[in-house]
Amino acid sequence: MDVVCFRSPQVISRAASFRTCLLLSALLFLCNHVGTVTAIGEEASGDMEEAKNESCHKTLGYAYKPSTFVSSYENLRKEIRNEIDDDNVDDTMIESQQSKTKLKVAAVQLHTSSGDHDASGSIEDSKQFLDRAVAAVETAVTKHGATLVLLQELFLGPYFCQSQNDRLFALAEDLSDLDDRTFPSATRSSNAVLAKMQKLAKRLNVVLPVSLFERYNNVYYNTIIMVDADGSILGRYRKSHIPDGTGYQEKFYFSPGDSGFKVFKTKVGNVGVAICWDQWFPEAARSMALMGADVLLYPTAIGTEPQDPSIDSSDHWQRTMQGHAAANMVPVVASNRVGTEILLNEDGSERQHITFYGRSFITDETGAIIKEAAPGDNGDIVVAEIDAERNRAIRSAWGLFRDRRPDLYGVFKTKDGHNEIYGV
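Residues numbered from 1 in each chain as written. Predicted model: local features only at pLDDT ≥ 70, side-chain atom pairs only at ≥ 80, totals over all residues. Heavy atoms only, no water.

S.K.: Explanation requested: the pairing of strand β15 (residues 369-372) in the structure shown.
M.R.: Two faces make up the sheet, and in a regular strand the side chains alternate between them. Inspection of the sheet shows strand β14 (residues 361-363) paired to β15 by three bridges, in the antiparallel sense. When the sheet's bridge partners are listed, Ile362 is paired in β15 with Lys371. (Pairing = 2+ DSSP bridges. Helix = DSSP H or I, 4+ residues; strand = E, 2+ residues; numbered from the N terminus.)

S.K.: Before we go on, may I ask you to explain empty space enclosed by the protein in this structure?
M.R.: It is a probe the size of a water molecule, rolled over the atoms, that shows where empty space is left. Enumeration over the complete set of coordinates arrives at one cavity of 30 Å³ or more. Looking at the largest cavity, its volume works out to about 130 Å³. Lining the largest cavity, in full, are Phe69, Tyr73, Leu154, Leu156, Gly157, Pro158, Phe160, Leu171, Glu173, Ser211, Leu212 and Phe213. For the lining of the largest cavity, the elements supplying multiple residues, two or more each, are α3 (66-86) and β5 (208-216). Top contributing element to the lining of the largest cavity by residue count: β5, with three residues. A per-class count over the lining of the largest cavity returns nine nonpolar, two polar and one charged. (1 Å grid on protein atoms, 1.4 Å probe; cavity = no way out; pocket = protein on both sides within 12 Å on 5 of 7 lines; lining within 4 Å. Points joined across faces, edges and corners; volume = space filled by probe spheres on them. Nonpolar A, V, L, I, M, F, W, Y, C, P; charged D, E, K, R; others polar.)

S.K.: Looking at this structure, I do not really get a nonpolar patch on the surface. What am I missing?
M.R.: A cluster of nonpolar side chains, namely Leu408, Tyr409, Val411 and Phe412, defines an oily patch on the protein surface of about 400 Å² accessible area. Mapped onto the secondary structure, Leu408 falls in the segment after α8 (388-398). (Patch = residues over 30% accessible without salt bridge, like charges linked within 9 Å, V, L, I, M, F, W, Y side chains within 5 Å. Areas by Shrake-Rupley, 256 points an atom, 1.4 Å probe, with all protein chains shown as cover. Salt bridge = Lys/Arg side-chain N within 4 Å of Asp/Glu carboxyl O.)

S.K.: Is there a simple way to think about the sheet that holds strand β4 (residues 173-174) in this case?
M.R.: The strands that make up a sheet pair up through hydrogen bonds in the backbone, lying either parallel or antiparallel. Strand order across the open sheet formed by four strands is β4-β5-β6-β7, with mixed pairing between neighbours. Strands at the two margins of the open sheet, each flanked by one partner only, are β4 and β7 (233-238). Of the pairings in the sheet, the one linking β4 to β5 comprises two bridges and is parallel in character. Looking at the pairing, Asp174 lines up with Arg215 of β5.

S.K.: How do you make sense of the packing of α3 against helix α5 (residues 192-204) when you look at a structure like this?
M.R.: To characterise two packed helices, one gives the angle between the axes of the helices and the distance between these axes. Running from N to C, α3 and α5 cross one another at 55 degrees; their axes reach a closest spacing of 8 Å. The orientation of α3 with respect to α5, classified from their angle, is oblique. α3 and α5 meet at a crossing whose hand is left-handed. Residues Tyr73, Arg77, Ile80, Arg81, Glu83 and Ile84 of α3 pack against Ala192, Val193, Ala195, Lys196 and Lys199 of α5. (Axes fitted to C-alpha atoms, helices over the stretch in contact; angles between N-to-C directions. Parallel < 35°, antiparallel > 145°, perpendicular 65-115°, else oblique. Left-handed = near helix turned anticlockwise from the far one by under 90°. Contact = heavy atoms within 4.5 Å.)

S.K.: Which parts of the structure should I look at to understand unusual backbone geometry?
M.R.: It is generally the case that most residues other than glycine have a negative phi and that most peptide bonds are trans. Cis rather than trans, the peptide bond between Phe183 and Pro184 has omega equal to -5 degrees. Positionally, Pro184 belongs in the loop between β4 and α5. Phi angles above zero are rare outside glycine, and Leu154 is one such case at about 50 degrees. Structurally, the position occupied by Leu154 is in the loop between β3 (148-150) and β4. Despite not being glycine, Asn217 shows a phi value in the positive range, around 55 degrees. Positionally, Asn217 belongs in the loop between β5 and β6 (219-227). Taking relative accessible area as the criterion, Asn217 reaches 51% and is therefore assigned exposed. (Buried < 20%, exposed > 50% of the residue type's maximum accessible area, 1.4 Å probe, protein only.)

S.K.: What should I look at first to understand α8 in this one?
M.R.: One turn of an α-helix holds 3.6 residues; hence residues three or four places apart share an orientation. Taken together, the buried positions of α8 are Ala388, Asn391 and Arg395. On an axial view of α8, the arc spanned by its buried residues comes to 60 degrees, and they lie on one face. Facing away from the buried surface of α8 by more than 90 degrees, the exposed residues are Ser396 and Ala397. Looking at the buried residues of α8, the elements they touch are β2 (102-109), α7 (314-328) and β16 (380-387). Looking one or two residues past α8, Gly399 carries a phi angle of roughly 75 degrees, positive in sign. (Arc of directions from axis to C-beta.)

S.K.: Is there a simple way to explain the packing of α3 against helix α4 (residues 123-142) in this structure?
M.R.: Between α3 and α4, the least distance of the axes is 7 Å, while the angle of their chain directions is 65 degrees. Taken together, the axes of α3 and α4 are roughly perpendicular relative to one another. For the pair α3 and α4, the crossing hand works out as right-handed. Here Phe69, Ser72, Tyr73, Asn75, Leu76, Glu79 and Ile80 of α3 lie close against α4, whose contacting residues are Ile123, Glu124, Asp125, Ser126, Lys127, Phe129 and Leu130.

Purely spatial values, then, with no claim about function.
Structure representation (structure tokens):
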């Protein structure tokens, strides 16, 4: 059996190191080989069993039980509701030099967690996700001058789609008060979480795409609400392509989106946004480019494959979106989470884990990466300026959209390249 000893920052003696390795060896042996620990006395037996369960998820990272995270999130939701109802937070808009010809975009890459999961369901467990997101948006605006900030997909907690668990539907936000016929709307949403993000966008004078697990009556979606720099809601996009695989079991939670692809006319330019798995489909990018997007945004949650951790799709992932930028001559911004998230069974043992590989980036209009998050298991904010007017002129000169032949593209109305889909 291989034993790995981790070096602490303090200098320790050889004897202490040897003892530490022996203790780790014993602990790993118990985790791997002992089903039931027998001890003298019921109290000692219970203590050993509890210690074994808590120690057997050997993977380093943020470990969570779905049931207790749901409890934590529900407590956070109540706190935000009280905060919004009190309405004592100053949301006076800060000064900003906004331009519709140049926009400064920021891709935020948050580490999955800054601390351990609180098995008691404390509000602090979920609150740290929201607090770090808010702090990152504030930093992107006040320190880097961003006028549009992209947070990662489902940033309000761990990526909960690793498994199928009906308790997790409680994480969905009720957005049934939003009526697409009334967009754009300056009215503050009755949903506390969305209302908080509206206040943040207005206070910082920043365009803010907000990724939420949406409940609308009896249907659930993976949704982006586009909040403009004055806090108004411009509309919503619901994820069109829903993946289903080991560790990414989204079809259990989300219905395919019915919004169609969207480009939002924000105060800083025309912004197209799609979500994660959408990024693998060139049709989505082309649709948004045809609708006049100055930039394409892809909030994401992608990492290792639990069934085969040796698979690393990060290069492929980047190249796919670089291709969208190059083919449409529209810059792309991708925000991914980073770090390891460990799904626990209710007894505290590890069920599986995903290591999200980060590598958030921004391209220019030719697909070249001009900014990428720092390597390693760390959070980061990458910022770049996009000259939409200049890009538009270059795009027109290339003639890509002038020379399109939509009359020849009927095959795209089929699933199999032969039979046209009824009603399309």
